[in-house]
Amino acid sequence: MLTPTLNVNNVELFYSFTCAIVAIGVGIMSWPVASQFLPNAFVSVNPKMEVDLRAVCCGQCVTINWFGTPVFIRNRLAREVRAARAVCLRKLKDKYARNANINSNALAFDRNRCLDVRSENWLVVIAPCTHLGCMPSVTKCGWVCACHGSSYDLSGRVTNGPAATNLSVPKCVYAVSALVLGT
Ligand code: FES
């Protein structure tokens, strides 16, 4: 008389075990897809940080560490701003401004890349190359990435090489002599 009861329990146990294994398997297999929809660490943390711009001389570009993310802050000369603004949008590889402070459809005009009209000299961009993440070097014409030869102009827009997108402008606010990142 005990045998049928044991069989039912065994079947239930086997069923539960199989369901658990299937659930774990589905979870593991779907993680790469599901993770695409999660915000990355940079977006989810988005911490605030204030940078004193008085230390960045005209014509100078500094790299700051924004909680683990290198950011270029460039105080452009008037002629560098003019050169960045003279670039024809049609010639750009990536036509979008990639500026987190404005509409995502905004085009890559230099005025859409700098902070605001009071501060057109300041260019603030996430530093790693948009190809595979190497650190570009500062040049007179913008930046060059030594890894595979991508180059960026004085507005951080890609002009050459395998990189497909412009260096992105992070969330930030200009406040006369300071920059607040991550607002
Ligand atoms: S990582 Fe910069 S060009 Fe490849």
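Everything below is about the structure printed above this text.
Given the structure is predicted, the values throughout are model-derived calculations rather than measurements.

## Description of the overall build of the protein chain
Counting its regular elements, the protein chain contains 3 helices and 10 strands. For the protein chain, the N- to C-terminal ordering of α and β elements is α-α-β-β-β-α-β-β-β-β-β-β-β. Within the span of the protein chain, comprising 183 residues, buried residues form 34% of the whole. Summarising the internal contacts of the protein chain: among those between residues at least 6 apart in sequence, 53% fall at separations of at least 24. Accessible surface for the protein chain amounts to roughly 11000 Å². Of this, 64% is attributable to carbon and sulfur atoms.

## Brief notes about the state of the cysteines
Per the counting criterion, the structure on display carries 1 disulfide. Disulfide pairing places C134 opposite C147 at an S-S distance of 2.0 Å. The sign of the -95° torsion about the S-S bond sets the C134-C147 disulfide as left-handed. With C134 in the loop between β4 (122-126) and β5 (137-139) and C147 in the loop between β6 (142-144) and β7 (151-152), this pair connects stretches of sequence that are 13 residues apart.

Basis of the calculations
- Along every chain, residues carry numbers that run from 1 in the direction the sequence is written.
- Selection of residues for local features in this predicted model requires a pLDDT of at least 70, selection of side-chain atom pairs for listing and counting requires 80 or more, and totals for whole chains, interfaces and linings are taken over all residues.
- To obtain the side-chain values, all non-hydrogen atoms of the structure were included, while hydrogens and water were left out.
- A run of H or I in DSSP counts as a helix once it spans at least four residues, and a run of E counts as a strand once it spans at least two, with each numbered from the N terminus.
- Only protein chains enter the calculation, and the probe is 1.4 Å; a residue is then buried if its accessible area is under 20% of its type maximum, exposed if over 50%, and partly exposed in between.
- Should any heavy atoms of two residues lie within 4.5 Å, those residues are counted as being in contact.
- Working definition of accessibility: Shrake-Rupley area with a 1.4 Å probe, residue cover restricted to the visible protein chains.
- In what follows, a disulfide is any cysteine sulfur pair within 2.5 Å.

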